[in-house]
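Spelled out from the first residue to the last, the chains are:
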Amino acid sequence: MDKHNIKNYDELLKKSRDIEWFWGEVSKEVVEWYKPYKKVLEWTPPWVKWFVGAKYNIVHDALDKHANSWRKNKVAYIFEGEPGDRRKLTYGELNIEVNKLANALKTLGVKKGDRVGIYMPMIPELPIAMLACAKIGAIHTVVFSGFSAIAFRERVNDCKVKVVITCDGFYRRNKIVPLKSMVEDALQDAPSVENVVVYKRTGGDIPWTPKRDHWWHELTQAQSSKCDTEMLDANDILYILYTSGTTGKPKGVIHAHGGYAVGTALTLKWVFDLKDEDIWWCAADIGWVTGHSYTVYGPLILGTTSVIYEGAPNYPGPDRWWEIVEKYRVTVLYTSPTSVRLFMRHGEAWPKKHDLSSLRLLGSVGEPINPEAWMWYYKNIGKERCQIMDTWWQTETGTFCISPLPLTPLKPGSATKPLPGFTAEVYNEEGKPISNAGGNLVMLTPWPGMFRGLYKDPKRYEDIYWSRFPNTYLAGDVARKDSDGFFWIQGRSDDVLNVSGHRIGNSEVESALVSNSKVAEAAVIGKPHEVKGESLTAFVVLKKGVEPSDELRAELREHVGKEIGKIARPDEIWFVSDVPKTRSGKIMRRVIKAKAVGEPIGDISTLANPEAVDEIGRAR
Ligand code: WT7
């Protein structure tokens, strides 16, 4: 018991009933304010402020304080590139790199509140770029490097990015992904962008726009390795991260410095029980919230050593990850059920080839973990010694909300219970708590790491998350709470799909399809998939005179890849003459899905074109 960071769980839970007092108390363990707050919480639903009046910058706790302590020579990041190159960066070295880049950004005119777009792969320069922005009070918006140029452009234009930070290319399955060429395409129509900073990762020819483009190494070379951290308000914006919603337009989720620092650091300390001697590997890409919270900010605030791996999980062989675990003696591994199912398919011989005895704890995130994957992970990776922490949370929540702790009992497949300081519930349609039945997953009180709104769209924030039940956060997931109070997450309740643990809006893919000149209409649904959890199936109505063909199928798949990114390419495309719609013209995805997976389709009397349902049946 003693070895755990949480010493007295029951007492902590009891204390956490007064959330304001509680978060004020526990925040002392992880953050140092420049100037103390006047009030822990200011809650005028749905708008929240945490640590009101405090002067702060997350970089102080993530970097400055370590660079001035014994941790200066402790490794912050162990990096392994896909080709096998390795680098270790201490907190002291990380601090110098961040300072140089921060000074360089200042020379490009970046100021507090300016947006900086970061489009980078999994290399240490990605967290360096994020921290450099935060240090000077600029707002970073990281776009996952697997997103397409068009998706990058859309995000850059939405928040009017002033400077872009990227690299020439990166390695994926022994090929070079030409990221700078993609940036070049994206910036054809992005008038707000004044400068582009390019880190040299692969070498080789790249397109270059003189005056606008600058090599990272040239720009930072002459810069001082010292840079003062901007003293901000604890509620100033740290970043914008776009995530999928139910419309074609991604939502710019906003997070702020102070509360997010407290939330990410404490939840990580509690759930994964990190200590100074741990080697932590959160294997998610930093382009998603998981990497923001648990590869960058949370672990740095705790002074942890983290692993960053650039490439594909099964390159050159399906044991690449296990080789990394063995080589660096990783103690805690955090990944998604999709990755587990991928390794499961390759077979247990691969992890067996490596010494995984350094592992003491495992984590799962992104989707419900099915019993088969849970058992495989537990047996073959954890060797029946390591508990699995199934953490439920979202881009919006910023931090884990429902999760076991190493010392609490587990039920495989359940994310167990809300963490101390979180008040999750399951509500029926009338807004009453229910047990043993599926309902709406909600949060009754605010929490420090929660998002502060959607960029430039306060109304959408209120409508989506706060209008269903008064003063209550609607997560958009269906969950069941059992008689022991354990939560079982069942999936999204809105028109959002979960492919390989990534959120993709049905309508986002539909808009991409319809933007092809041969397509009149499209309906996209998710079908259960053995590895990815859900796979995308599209029903496409072609324009008059366009003939269906396999070539066209391939063309449309590529088209979606170009519009959004490879992860959004439908696995199946079916050409139909019509898609089921209501009389008001709303596509009935629920009916389409039921028909396509062979479930009862229910009442279709409200459909304008019930005959369209039969055609869908062929797709099985
Ligand atoms: C959605 C959030 C935040 C981490 C990465 C995804 C699903 C997340 C779990 C879990 C069942 C989960 C939910 C949620 N989800 N974790 N442990 N068990 N489902 O972030 O892209 O914002 O997606 O992922 O449906 O709403 P995201």
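Position numbers for residues start from 1 in each chain and track the written sequence from start to end. Residue-level local features of this predicted model are given only where pLDDT is at least 70; pairs of side-chain atoms are given and counted only at 80 or more, and the full residue set underlies all totals for whole chains, interfaces and linings. Side-chain figures throughout are based on the complete set of non-hydrogen atoms in the structure, without hydrogens or water.

Trainee: Got a minute to help me understand the site of the ligand in this structure?
Mentor: Looking at the ligand, there are 17 residues lining it, with Asp-390, Thr-391, Thr-395, Arg-492 and Arg-503 nearest. Pairing of N or O atoms within 3.5 Å defines a polar contact, subject to two protein rules: one partner must be a possible hydrogen donor and the other a possible acceptor, and residues neighboring in sequence count only if both atoms are side-chain atoms. One nitrogen or oxygen atom from the side chain of Asp-477 is found 2.9 Å from an oxygen atom belonging to the ligand. Separating an oxygen atom of the ligand from a side-chain N or O atom of Arg-503 is a distance of 2.8 Å. Those elements giving two or more residues to the shell around the ligand turn out to be helix 10 (289–302), strand 20 (387–391) and strand 24 (487–492). Residue classes follow a fixed rule: Ala, Val, Leu, Ile, Met, Phe, Trp, Tyr, Cys and Pro count as nonpolar, while Asp, Glu, Lys and Arg count as charged, and any other residue, Gly among them, counts as polar. Of the residues assigned to the shell around the ligand, the class counts are 6 nonpolar, 6 polar and 5 charged. We call a residue near a molecule or strand as soon as one heavy atom of that residue lies within 4 Å of the molecule or strand. Counting from the N terminus, the helices are DSSP H or I runs at least four residues long and the strands are E runs at least two residues long.

Trainee: Explain the environment of Ile-206 here, please?
Mentor: Turning to its location among the elements, Ile-206 is positioned in the loop between strand 11 (195–199) and strand 12 (213–215). The spacing of Ile-206 and Pro-178 is 28 residues in sequence and 7.9 Å in space, taken between C-alpha atoms. The residues contacting Ile-206, other than those within four sequence positions of it, are Asp-168, Lys-180, Val-198 and Trp-215. For this analysis, residues touch if any pair of their heavy atoms sits within 4.5 Å.

Trainee: It is not clear to me how the pattern of salt bridges should be interpreted in this structure. Could you clarify?
Mentor: Should their charged atoms come close, side chains of opposite charge can pair. Each reported salt bridge corresponds to a side-chain nitrogen of Lys or Arg within 4 Å of a carboxyl oxygen of Asp or Glu. If you walk through the whole model with that rule in mind, you get 44 salt bridges. One salt bridge connects Asp-319 with Lys-353, and the closest N-O pair in it is separated by 3.7 Å. A residue pair is termed long-range when its members are at least 10 positions apart, and Asp-319 in the loop between strand 17 (305–309) and helix 11 (320–328) and Lys-353 in the loop between helix 13 (349–352) and strand 19 (361–365) qualify at 34 residues. For Asp-319, a relative accessible area of 9% gives the class buried. Overall, Lys-353 belongs to the exposed group, its relative accessible area being 53%. Ionic pairing is found between Arg-553 and Asp-550, a salt bridge with its closest N-O pair at 2.6 Å. Highlighted residues: Arg-553 and Asp-550, both in helix 17 (residues 550–563), separated by 3 residues, approximately one helical turn. Working definition: with a 1.4 Å probe on protein chains only, accessible area under 20% of the residue-type maximum means buried, over 50% means exposed, and in between means partly exposed.

Trainee: I tried to follow the sheet that holds strand 20 on my own but got confused; where do I start?
Mentor: Strand pairing in a sheet is mediated by backbone hydrogen bonds. Such pairs are either parallel or antiparallel. Taking strand neighbours across the sheet as the criterion, the 7 strands line up as 5-4-17-16-18-19-20 in an open arrangement whose pairing is mixed. One side of each edge strand has no neighbouring strand; the edge strands of this open sheet are strand 5 (86–90) and strand 20. Shown here is a sheet whose adjacent strand axes are inclined to one another by a mean of 20 degrees, direction ignored. Paired strands, as defined in this entry, are two strands with at least two bridges between them according to DSSP. Relative to strand 17, strand 16 (residues 279–282) is paired through 2 bridges, and the arrangement is parallel. If you follow Ile-279 over to strand 17, its bridge partner there is Thr-305. Axes here refer to lines fitted to C-alpha atoms; in helices the fit is confined to the stretch in contact. Angles between the N-to-C directions go from 0 to 180 degrees. Contacting strand 4 (75–80), strand 5, strand 16, strand 17 and strand 18 (332–335), helix 11 crosses the sheet at an angle of about 145 degrees to strand 4.

Trainee: So what exactly am I meant to see when it comes to the sheet that holds strand 24 here?
Mentor: An order of 21-22-23-24 is seen for the 4 strands of this open sheet, with the pairing classed as antiparallel. Across the chains shown, the open sheet's two edge strands, defined by having one partner strand only, are strand 21 (424–427) and strand 24. Direction aside, the axes of adjacent strands within the sheet are offset by 45 degrees on average. As defined by bridge partners, strand 21 adjoins strand 22 (residues 438–443) across 4 bridges and the pair is classed as antiparallel. Its bridge partner being in strand 22, Val-426 is matched across the sheet by Leu-441.

Trainee: I tried to follow the domain arrangement of the protein chain on my own but got confused; where do I start?
Mentor: Quoted interface sizes are often the accessible area lost when the parts come together. In this entry, domain limits derive from an automatic or database-based domain assignment. As assigned here, the protein chain comprises domain 1 (91–230), domain 2 (424–492) and domain 3 (496–619). Here domain 1 and domain 2 have C-alpha centroids that lie 36 Å from each other.

Trainee: Can you help me understand a positive patch on the surface in this one?
Mentor: Taken together, the side chains of Arg-172, Arg-173, Lys-175 and Lys-566 make up a positively charged region of the molecular surface. Arg-173 sits in the partly exposed class, given a relative accessible area of 42%. Patch membership requires more than 30% relative accessible area and the absence of a salt bridge. Residues of like charge join within 9 Å; the nonpolar side chains Val, Leu, Ile, Met, Phe, Trp and Tyr join within 5 Å. Exposure was quantified through the Shrake-Rupley algorithm and a 1.4 Å probe, taking into account, for residues, occlusion by the shown protein chains and nothing else. By the counting scheme adopted, Arg and Lys are positive, Glu and Asp are negative, and His together with the chain ends is not counted. In plain terms, the charge of a residue is placed at NZ if it is Lys, CZ if Arg, CG if Asp and CD if Glu.

Trainee: For this particular structure, what's the right way to read the pairing of strand 1 (residues 39–44)?
Mentor: Regular strands place side chains that alternate from one sheet face to the opposite one. Note: strand 1 against strand 2 (residues 47–52), 5 bridges, orientation antiparallel. Each residue of the ladder has a partner; that of Trp-43, found in strand 2, is Val-48. The loop that links strand 1 with its antiparallel partner strand 2 comprises 2 residues.

Trainee: I keep staring at the nonpolar core and nothing clicks. Help me out?
Mentor: General note: in soluble globular proteins, nonpolar side chains tend to be found buried as a group. Counting 162 residues, the largest nonpolar core has Trp-23, Ile-165 and Phe-272 as its most contacted members. Contact partners of Ile-165, with chain neighbours within four places excluded, come to Leu-101, Leu-105, Val-116, Gly-117, Ile-118, Tyr-119, Met-120, Ala-129, Val-197 and Trp-216. Grouped together as the second largest cluster of nonpolar side chains are 25 residues, Ile-279, Ile-324, Val-340 and Ala-373 included. As used here, the term nonpolar core means buried Ala, Val, Leu, Ile, Met, Phe, Trp, Tyr and Cys residues forming a set that is joined through side-chain atoms within 4.5 Å.

Trainee: Can you walk me through the side chain of Glu-425 in this structure?
Mentor: Turning to its location among the elements, Glu-425 is positioned in strand 21. At 3.1 Å, the side chain of Glu-425 forms a polar contact with the side chain of Lys-481. Leave out the neighbours within four places in its chain, and Glu-425 touches Pro-433, Asn-440, Leu-441, Val-442, Leu-444, Lys-481 and Phe-487.

Trainee: Help me out: how do you make sense of helix 2 (residues 19–27) in this one?
Mentor: Helical geometry: 3.6 residues make up each α-helical turn, so side chains three or four residues apart lie on a common side. Taken together, the buried positions of helix 2 are Ile-19, Phe-22, Trp-23, Gly-24, Val-26 and Ser-27. Packed against the buried residues of helix 2 are helix 1 (9–15), strand 1, strand 2 and helix 9 (257–271).

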